[in-house]
Amino acid sequence: MKPLAGIRVVELARILAGPWCGQLLADLGAEVVKVERPGGGDDTRHWGPPFLHDAEGKPRDAAYFHATNRGKRSVAIDIATPAGQAAVRALVADADVVIENYKVGALARYGLDHASLSAVRPGLVTCSITGFGQTGPYAGRAGYDAIIQGMGGFMSLTGAPDGPPQKAGVAYVDLFTGVYSAVAILAALRRRDETGAGAHIDMALLDTQVAVLANQAMNFLASGAAPGRMGNGHPNLVPYQPFETADGALIVAVGNDAQFRRLCEVVGLAVDPDFATNAGRVAGRVRLLPMLAAAIRRWRKAALYEALEAAGIPAGPINSVAETFADPQVVARGMRIDPGGIPGVASPIVIDGERMAADTPSPKRSG
């Protein structure tokens, strides 16, 4: 039995952050009921091409929708109507969790906010996901992943030093917010088990983006100097980046001084005392990296990869998405799944040897 079996979730969320949270809970065994507007449903059903088709060739909405709604069932409800509001309250009457990503105050107009629903279901855990949170001067604004990546400092760190700021290739703020939301929900359920008290969780995309600045935020807080773009370099480790070999790029990720000494031995570079420590390598990166790049360029990629692996030096290729799904390790770990004949990507969570992935596909449109 999966760990969240018996937990019932009502998802009043669309696009990505809220549905990602709901899918994660479904993968862990929760029953997730997705409330969609009649007719069109979740916006991402239409975010294609590409579109998927079932075994009979019938269309099954955009691939984007299927990336984030596995394991749920769907109901079509117009929450702007009294009948729709009653239908949502009926769903919540025996639910444990509500996930919603409406603008601040919007659900209160329909009597579907946390305070109103808690009267129907004492002990309810409601997770509200917005761009900027329930408080503060931006609380009423809509928030979108790309905007948050820009506002929250991420884009100032991403891209070539002499190029423009770049966003990530996936909507990672939405994804991180979905994961943090699931963690918060599980913590609130744990507390409810002990006290019987429900909770209103306030998740903001901007909060998440600032939080996951991680070491770059601490670099700024410790030094007072705002970090900038370094391309594929690392602000705190050298060498930790791709290098060009004679026939393609290979990422070399040196995490300690012993690994660096072994790297120098492998590529035939004398160890300069100035670079014996990571602090020295960070300070002297402008001098070190061209020398290291010249030594690595003499190698062919496969031979260097093999030599580095044998020496215990972390390295890896830069794969396309197609190459990633063909990688023997990805295949062996079962990261591609096909619930109901619909291709998907499994959750990364494995508990007691069992991959936590719902065995049903994303729901068909209802109503």
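Here, every reference points to the structure presented above.
Note that the coordinates shown come from a computational prediction; the quantities given were computed from them, not determined experimentally.

About the criteria used
- The residue numbering used here restarts from 1 in each chain and proceeds along that chain's sequence as written.
- Totals for whole chains, interfaces and linings use all residues, but because this is a predicted model, local features are given only for residues with pLDDT of at least 70 and pairs of side-chain atoms are given and counted only at 80 or more.
- Only hydrogens and water are set aside; all other atoms, that is, all heavy atoms of the structure, feed into the side-chain values.
- Put simply, DSSP marks the helices as runs of H or I at least four residues long and the strands as runs of E at least two long, and each gets a number from the N terminus on.
- Note on classification: 1.4 Å probe, protein chains only; a residue is buried when its accessible area is under 20% of the maximum for its type, exposed when over 50%, partly exposed between these limits.
- For accessible areas, the Shrake-Rupley method is used with a probe of radius 1.4 Å. Any residue's cover is judged against the shown protein chains and nothing else.
- Only four residue types enter the tally: Lys and Arg on the positive side, Asp and Glu on the negative side, with His and both chain ends excluded.
- Where a charge sits is defined by one atom per residue type, namely NZ (Lys), CZ (Arg), CG (Asp) or CD (Glu).
- Side-chain rings of Phe, Tyr and Trp (the six-membered ring for Trp) are treated as a pair once their centres are within 6.5 Å; stacked means planes under 30 degrees apart, edge-to-face means over 60, and tilted covers the remaining angles.
- When DSSP finds two or more bridges between two strands, those strands count as paired.
- Where helices are involved, their axes are fitted lines through C-alpha atoms of the stretch in contact, as for all axes, and angles between N-to-C directions lie from 0 to 180°.
- In what follows, residue pairs with any heavy atoms lying within 4.5 Å of each other are defined as contacts.
- What counts as a salt bridge is simple: a side-chain nitrogen of Lys or Arg found within 4 Å of a carboxyl oxygen of Asp or Glu.
- By the definition adopted for this analysis, an angle is roughly parallel if under 35 degrees, roughly antiparallel if over 145, roughly perpendicular if from 65 to 115, and oblique otherwise.
- Take the far helix as your reference; a near helix turned counterclockwise from it by less than a right angle gives a left-handed crossing, and one turned clockwise gives a right-handed crossing.
- Throughout this entry, Asp, Glu, Lys and Arg are counted as charged residues, while Ala, Val, Leu, Ile, Met, Phe, Trp, Tyr, Cys and Pro are counted as nonpolar. The remaining residues, Gly among them, count as polar.
- For a crossover, the right-handed case is the one in which the path from the first strand over the helix to the second runs clockwise, viewed with the strands pointing away from the viewer.
- The definition of a nonpolar core used throughout is a set of buried Ala, Val, Leu, Ile, Met, Phe, Trp, Tyr and Cys residues joined through side-chain atoms within 4.5 Å.

Novice: Summarise the overall build of the protein chain; cite the residues concerned and give the values.
Specialist: Scanning the protein chain from N- to C-terminus turns up 15 helices and 15 strands. For the C-alpha atoms alone, the extent of the protein chain along its principal axes is close to 75 × 50 × 40 Å. A buried classification covers 44% of the 367 residues belonging to the protein chain. Accessible surface for the protein chain amounts to roughly 17,900 Å². Of this, 59% is attributable to carbon and sulfur atoms. Considering the protein chain, the positive charge centre built from 35 side chains and the negative charge centre built from 35 side chains are found 2 Å apart.

Novice: Tell me about the packing of aromatic side chains, and please be specific about residues and values.
Specialist: Within this structure, the stated rule accounts for five aromatic pairs. Their ring planes at 75° and their centres at 5.0 Å tell us that Trp47 and Tyr64 sit as a pair that is edge-to-face. Here Tyr64 lies in helix H2 (residues 63-66) and Trp47 lies in the loop between strand S2 (31-36) and strand S3 (51-53), a separation of 17 residues in the sequence. Judged by its relative accessible area of 29%, Tyr64 falls in the partly exposed class. Relative to Tyr172, the ring of Phe154 lies with its centre 4.6 Å away and its plane at 45°, an arrangement referred to as tilted.

Novice: Mind laying out the sheet that holds strand S5 (residues 72-76), listing which residues take part and the relevant values?
Specialist: If you walk across this open sheet you meet the six strands as S5-S2-S1-S6-S7-S8, and the pairing is parallel. The open sheet has two edge strands, S5 and strand S8 (199-204), and neither has a second partner. Sheet twist, expressed as the average angle between the axes of neighbouring strands with direction ignored, equals 20°. Where strand S1 (residues 8-12) meets strand S6 (residues 97-100), four bridges bridge the pair, whose relative direction is parallel. For Glu11, the partnering residue across the bridge sits in S6 and is Ile99. Strands S6, strand S7 (125-130) and S8 of the sheet are contacted by helix H7 (residues 172-195), whose axis makes an angle of about 165° with S8.

Novice: An account of the pattern of salt bridges is needed here, citing residue identities and associated values.
Specialist: Going through the model one piece at a time under the given rule, you end up with 19 salt bridges. The residue Lys34 makes a salt bridge to Glu11 at a minimum N-O spacing of 2.7 Å. A residue pair is termed long-range when its members are at least 10 positions apart, and Lys34 in strand S2 and Glu11 in strand S1 qualify at 23 residues. A single burial state applies to Lys34 and to Glu11, both of which are buried. With a shortest N-O distance of 3.0 Å, Arg336 and Asp338 are connected by a salt bridge. Accessibility expressed as a relative area gives 41% for Asp338, which makes it partly exposed. Three or more residues are tied together by salt bridges with common partners; here these are Arg8, Glu31, Arg73 and Asp94.

Novice: I'd love a proper account of the sheet that holds strand S11 (residues 315-316), names of residues and values included.
Specialist: Spatial strand order, S9-S10-S11: three strands in an open sheet with antiparallel pairing. Edge strands, defined here as strands with exactly one partner in the open sheet, are strand S9 (240-245) and S11. One ladder, built from two bridges, connects strand S10 (residues 248-253) with S11; its direction is antiparallel. Looking at the pairing, Ile251 lines up with Gly316 of S11.

Novice: Tell me about the packing of helix H10 (residues 257-267) against helix H12 (residues 285-297), and name the residues and values.
Specialist: At a minimum axis distance of 9 Å, the contact between H10 and H12 shows a crossing angle of 45°. Here H10 is positioned oblique relative to H12, judged by the angle of their axes. Relative to H12, H10 is oriented so that their crossing is left-handed. When H10 is examined against H12, the residues Phe260, Leu263 and Val267 are found in contact with a partner set consisting of Leu288, Leu292, Ala295 and Ile296. A class-by-class count of the residues in the contact of H10 with H12 yields seven nonpolar, no polar and no charged.

Novice: Describe in detail the pairing of S6, supporting the description with residues and values.
Specialist: Looking along a regular strand, one sees side chains alternate from face to face of the sheet. The alternating pattern of S6 places Val97 and Ile99 on one face and Val98 and Glu100 on the opposite face, and all of these are buried. Where S6 meets S7, four bridges bridge the pair, whose relative direction is parallel. Residue pairing across strands places Glu100 opposite Ser128, the latter belonging to S7. What joins S6 to S7 is helix H4 (residues 114-120), and the crossover it makes is right-handed.

Novice: Kindly report on the nonpolar core, identifying the contributing residues and their values.
Specialist: Side chains of a nonpolar character, in soluble globular proteins, are inclined to be buried together. Formed by 35 residues in total, the largest nonpolar core has its most connected members in Val9, Leu25, Val97, Ile99 and Ile185. Contributing elements (two or more residues each) for this core: helix H1 (17-27), S6, S7, helix H6 (154-157), H7, S8 and helix H8 (205-211). Tallying contributions element by element places H7 first for this core, with six residues. Setting aside residues no more than four positions away along its own chain, Ile99 makes contact with Val9, Val10, Glu11, Leu12, Ala13, Gly18, Cys21, Gly22, Leu25, Cys127, Ile129 and Ile185.

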